[in-house]
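Remarks on the overall topology
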Amino acid sequence: MADAARIAQEAEMRLAPLAAAANLGWWNAQVEATEENAERRARAELAWSDALADRALFASVEDARRNGAGGQVRRRLDLLYNLMLRRQVPDALRAGIVELETSVDLRFSRHRGVVGGVEVGDTEIKRILRRSDDPRERREAWEASKTVGAEVSDDVRQLARLRNEAARSLGHRDWFALSLATDEVDEEKLVATLADCDRVTSEPFARWKIDLEEHLAARFGCAVAELRPWHYSDPFFQEPPPDAVVDLDPYLDRKDVVALARRTMEGLGLEAEEIIARSDLYPRDGKNQHAFCIDVDRAGDVRVLANVVETHDSVDTLLHELGHGVYDLGLGGELPWTLRTTHLVATEASALLHGALAWRRDWLERVLGLSAGDGAELEERLLSARACELLVFTRWVLVMNAFERALYADPDGDLDSLWWELVRRYQGVTPPDGRLSPDWAAKIHIAVAPVYYHTYLYGAIVALQLARALEAEVGGVVDRPEAGALLRERLFAPGEAVRWDRLVEQASGFPLSVESLARAVAR
Ligand SMILES: [Zn+2]
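Just so it is clear, the model here is predicted, and its values are computed rather than measured.

Our next topic: the overall build of the protein chain. The helix and strand tally for the protein chain stands at 21 helices and 4 strands. Here the C-alpha atoms of the protein chain give a radius of gyration of 23 Å, agreeing with the 24 Å that 2.2 N^0.38 yields for 523 residues. Taking all 523 residues of the protein chain together, the buried fraction comes to 53%. Considering only contacts in the protein chain between residues 6 or more positions apart, those separated by 24 or more positions represent 77%. Entry remark: accessible area of the protein chain is about 22,900 Å², with carbon and sulfur atoms responsible for 50%. Of the charged side chains in the protein chain, 65 are positive and 89 negative, and the gap between their average positions amounts to 2 Å.

Dropping the structure here:
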């Protein structure tokens, strides 16, 4: 027993500094994309991944875990085992997977579609699908968004075969099963939860879509039966159309986005000042154009990278990232390194909960300073927009999850047909006539972020559950320090000492269920 504790501690002492160095290397490379930073990052990353692949270290963890360790020591060993397991495949196979992933990723970033004889990037394709009223141009843009699929599909199938080989060498059915197991997601429960998501969204989605289709048919001068994928406003119909979103930008005129985020966190009694001070928040040349939060050392060095501009989306994004950050800072300081971190579902739920505050009437009135009249006028529309967003997103996740399950069950199957069967079934989108093309492979996540989409949906569901629980217990979230205190105590402090599904139950009062999703979309 003492031996098991010693092994866990030794593993942590070995891994902790390497993880911090890799995180810092990543951060520096994102804030300033120089060759020197890229090289340093690669070196730190390699040292970290070599340690995770260390056979002797893994064997000692596995042994200690098998030999009856209990309680918190067992929990630490389980997490160390999960962290290291995927790296325990034969070196040649592991290198082959990394090489092929890198090559596919590179082809995605280099690929340009062609519209009207001109090479265009993803942003331009998205712009056309959002704005253009010309069905011919739309179709060309949509087709252009899929050409990368034909270019990489053979390699994505090969990646699935290699990943399966790796998973089987570790005693798992396939990569799908291995991914869920190491993320502590129960496959049977996932399948059942997604079936529930299908059940509760199917009818409201169909109802909402009838309106959308009538609107689109009128806009493009065709019959509803003639609508095809390029009539929707993004290449995969994974986002709500622009006119289903409430535009709050006019209220952000001459507002300080960072001050609004700071004010929001203060209202919850959550400490974000330290994070803001360490962060890199405004756009600059040579900097990552997205946003993320990183807990560098699991000892208080938490930072956000963002590209804040004067828009309402920027407020949502910054609150989202700070929602990750306050979680990291709220982890119990006495926890050992392995437990002083978050499960992806739990931290995503915290981030989504905080980001969503900016879309609530009470936030608009109390933090942004809108009049009660304006707030009341917006509230109904905001709730409908949220319902629509959840519907579109849930249906899309159902496609992705079912597809990836099938991909790993049989990488040689008729995936082209399967993709469109799923799109038709869950999204109600009619495939182009006689389409025979690997359109699924144009979705980059299938190649480089496999078996991950359910995490976003779980995070969204847990965020809804948490919001409801806080509403019931302390009357809301905005300007409620009691809400911040409950989050800190029940969600943040335990870290990974409590498995994520039990943590959800502990923090929200009941296990993950689709009840709150059903409520949110029934509008
Ligand atoms: Zn996030």
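Let us now look at helix 12 (residues 312-330). With 19 residues, helix 12 extends 27 Å from end C-alpha to end C-alpha; this agrees with the ideal 27 Å at 1.5 Å per step. Here helix 12 lies mainly inside the structure; 15 of its 19 residues are buried.

The next point concerns the pattern of salt bridges. Inspection of every chain in the model, using the stated rule, returns 47 salt bridges. Put simply, Arg395 and Asp198 hold a salt bridge, and the shortest N to O gap is 2.9 Å. With a gap of 197 residues between them, Arg395 in helix 15 (residues 372-409) and Asp198 in helix 9 (residues 187-220) connect regions that are remote in the sequence. Its relative accessible area of 4% is what places Arg395 among the buried residues. The exposure class of Asp198 is partly exposed, given its relative accessible area of 22%. Taking the shortest distance from any N to any O, the salt bridge between Arg303 and Asp301 comes out at 2.8 Å. Taken as a pair, Arg303 and Asp301 share a single burial class, namely buried. Here the salt bridges do not stand alone but share partners, grouping Arg139, Glu143, Arg435 and Asp439 into one network.

Coordination of the zinc ion by the protein involves His320 (NE2), His324 (NE2), Glu348 (OE) and Glu348 (OE), with metal-donor separations of 2.1 to 2.7 Å. In this structure, the zinc ion is surrounded by 4 donor atoms whose angles at the metal cover 50 to 127 degrees, and the resulting shape is irregular. For His320, a relative accessible area of 14% puts it in the buried group. Among the residues examined, His324 registers a relative accessible area of 11% and is labelled buried.

Rules used throughout
Residues numbered from 1 in each chain as written. Predicted model: local features only at pLDDT ≥ 70, side-chain atom pairs only at ≥ 80, totals over all residues. Heavy atoms only, no water. Helix = DSSP H or I, 4+ residues; strand = E, 2+ residues; numbered from the N terminus. Rg over C-alpha atoms; globule rule 2.2 N^0.38 Å. Buried < 20%, exposed > 50% of the residue type's maximum accessible area, 1.4 Å probe, protein only. Contact = heavy atoms within 4.5 Å. Areas by Shrake-Rupley, 256 points an atom, 1.4 Å probe, with all protein chains shown as cover. Lys, Arg positive; Asp, Glu negative; His and termini not counted. Charge placed at Lys NZ, Arg CZ, Asp CG, Glu CD. Expected span 1.5 Å × (residues − 1). Salt bridge = Lys/Arg side-chain N within 4 Å of Asp/Glu carboxyl O. Donors = N, O, S within 2.8 Å, 3.2 Å for Na, K, Ca; no water. Tetrahedral: all angles 85-135°; square planar, octahedral: opposite > 155°, others 65-115°.

So far we have only geometry, and geometry alone does not tell us how the molecule works.
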